[in-house]
Amino acid sequence: MAIKYVPEPFRIKMVETIKMTTPEERAEKIKEANYNLFNLKGEDVYIDLLTDSGTNAMSQDQWAGVMRGDEAYAGASSYFNLVNTAKEVFGYEFIQPVHQGRAAEKVLFPTFLKPGQYAISNMFFDTTRAHVILAGARPLDCVVAEAKDPAKRSKFKGNMDVAKMERLILEHGPEKIGLVVLTITNNSAGGQPVSLQNAREVAALCKKYNIPLDIDAARFAENAYFIKRDEPGCENMSIKEIVKEIFSYADFFTMSAKKDTIVNMGGLIGVKDATKNAEIILKIK
Ligand SMILES: *Cc1c(COP(=O)(O)O)cnc(C)c1O
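Residues numbered from 1 in each chain as written. Predicted model: local features only at pLDDT ≥ 70, side-chain atom pairs only at ≥ 80, totals over all residues. Heavy atoms only, no water.

Time to look at the packing of helix α7 (residues 196-209) against helix α9 (residues 239-248). Relative orientation of the contacting elements α7 and α9 amounts to 20 degrees, with a least axis distance of 9 Å. Classified by the interaxial angle, the pair formed by α7 and α9 is roughly parallel. For the element pair α7 and α9, the recorded crossing hand is left-handed. Between α7 and α9, the contacting residues are Leu196, Ala199 and Arg200 on the first element and Ile242, Glu245 and Ile246 on the second. Here the residues of the contact of α7 with α9 are counted per class, giving four nonpolar, no polar and two charged. (Axes fitted to C-alpha atoms, helices over the stretch in contact; angles between N-to-C directions. Helix = DSSP H or I, 4+ residues; strand = E, 2+ residues; numbered from the N terminus. Parallel < 35°, antiparallel > 145°, perpendicular 65-115°, else oblique. Left-handed = near helix turned anticlockwise from the far one by under 90°. Contact = heavy atoms within 4.5 Å. Nonpolar A, V, L, I, M, F, W, Y, C, P; charged D, E, K, R; others polar.)

And the structure:
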């Protein structure tokens, strides 16, 4: 595939100096860290590929928003601005800001998952996997087989294997499956996208067995772009329409705002139907 490179339509205006290290120093630091990258000090890392979380540069309008922000202790206008924008983009009735994606999972997952239960995902991200386990439940990955073949070219390698998902539900019993998490894009499978058709099928199965569906939405905008580019019948939809439609299939979303929404800290919980989920909303609050 020919890739067209477009010059960046922005200027970068801030500089942060970082420490340069020699290969010998790096080898020593890694050894001292017992080869566990989480034990390294941030200041010793020249190029940090551990995560994409919060590594965005914010725009001048975003920084201006911070300065103009209304920090009133209650009823702040910046709060309503955020919540109303999120309601409009995702079409959900209830929005709860949290400090980052993993906080959203920490709050929402235990409301569905009890010890002895299972959660199914096209593939759990490391933090969602951890929060399933912390709630006492067990995570089951259910991605399509081609996701595990890096040499194979295929459009939506992040998809849920829907036939396997139904087999897992029947094998464990629908009442044992506390939650289904659809990760868009599927970050742990190399950031591969999920199709609208797949989201529709996953939602139909969840409905059939009465299992709540959560979208793990860190890269929802990029996922929508892949749908527009590659999914038959979606080429004339706008990104906004695709986002609205894919979110309409789920009941909840948990989102890291530190990826596609380009802030360096933040996250959201969304509840589509506030009336039906009044009890869950009370727990979230
Ligand atoms: C980054 C990420 C998270 C966790 O979000 P943080 O804001 O880093 O806590 C959860 N799920 C996916 C798919 C992510 O990419």
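With that settled, the discussion passes to α9. Listed as buried for α9 are Ile242, Val243, Ile246 and Phe247. The buried side chains of α9 occupy one side of the element, clustering within an arc of 125 degrees when seen end-on. Those residues of α9 that are buried are in contact with α3 (77-90), α7, β5 (213-216), α8 (220-230) and β6 (252-256). (Buried < 20%, exposed > 50% of the residue type's maximum accessible area, 1.4 Å probe, protein only. Arc of directions from axis to C-beta.)

The next thing to look at is unusual backbone geometry. Glycine aside, the phi torsion of most residues is negative, and most peptide linkages are trans. Cis geometry is found at the peptide bond from Ile184 to Thr185, where omega equals -20 degrees. Inspection of the secondary structure puts Thr185 in the loop between β4 (177-183) and α7. With a phi close to 55 degrees, Asn34 is a non-glycine residue in the positive phi region. When you line up the elements, Asn34 lands in the loop between α1 (23-32) and α2 (60-68). The class of Asn34 is exposed, set by a relative accessible area of 61%.

Bringing the domain arrangement of the protein into the picture now. Domain boundaries assigned for the protein yield domain 1 (17-50) and domain 2 (60-67 + 76-284). Computed from C-alpha coordinates alone, the two centres of domain 1 and domain 2 are separated by 33 Å. (Domains from an automatic or database assignment.)

Turning to a nonpolar patch on the surface, a few remarks are in order. On the surface, a nonpolar cluster with roughly 600 Å² of combined accessible area is contributed by Ile18, Met20, Tyr46, Ile47 and Leu49. Looking at the element boundaries, Met20 is found in the segment before α1. Taking the relative accessible area as the measure of exposure, Met20 reaches 61% and is therefore exposed. (Patch = residues over 30% accessible without salt bridge, like charges linked within 9 Å, V, L, I, M, F, W, Y side chains within 5 Å. Areas by Shrake-Rupley, 256 points an atom, 1.4 Å probe, with all protein chains shown as cover. Salt bridge = Lys/Arg side-chain N within 4 Å of Asp/Glu carboxyl O.)

So, on to the environment of Phe124. Mapped onto the secondary structure, Phe124 falls in the loop between β2 (118-121) and α5 (126-134). As for Phe124 and Asn186, which are separated by 62 residues in sequence, their C-alpha atoms are 8.3 Å apart. Once residues within four sequence positions are removed from consideration, Phe124 is found in contact with Ala119, Arg129, Val132, Pro139, Leu140, Asp141, Val181 and Ser188.

So, about the site of the ligand. In the region of the ligand, 14 residues are neighbours, and Ser53, Arg102, Asn187, Ser256 and Lys259 sit closest. Arg102 has a polar side-chain atom sitting 2.6 Å from an oxygen atom of the ligand. Within the side chain of Asp216, an N or O atom sits 2.8 Å from a nitrogen atom of the ligand. The biggest single contributor to the shell around the ligand is helix α4 (residues 101-108), with three residues. Residue composition of the shell around the ligand, by class: two nonpolar, seven polar and five charged. (Near = heavy atom within 4 Å. Polar contact = N/O pair within 3.5 Å; in protein donor to acceptor, adjacent residues only side chain to side chain.)

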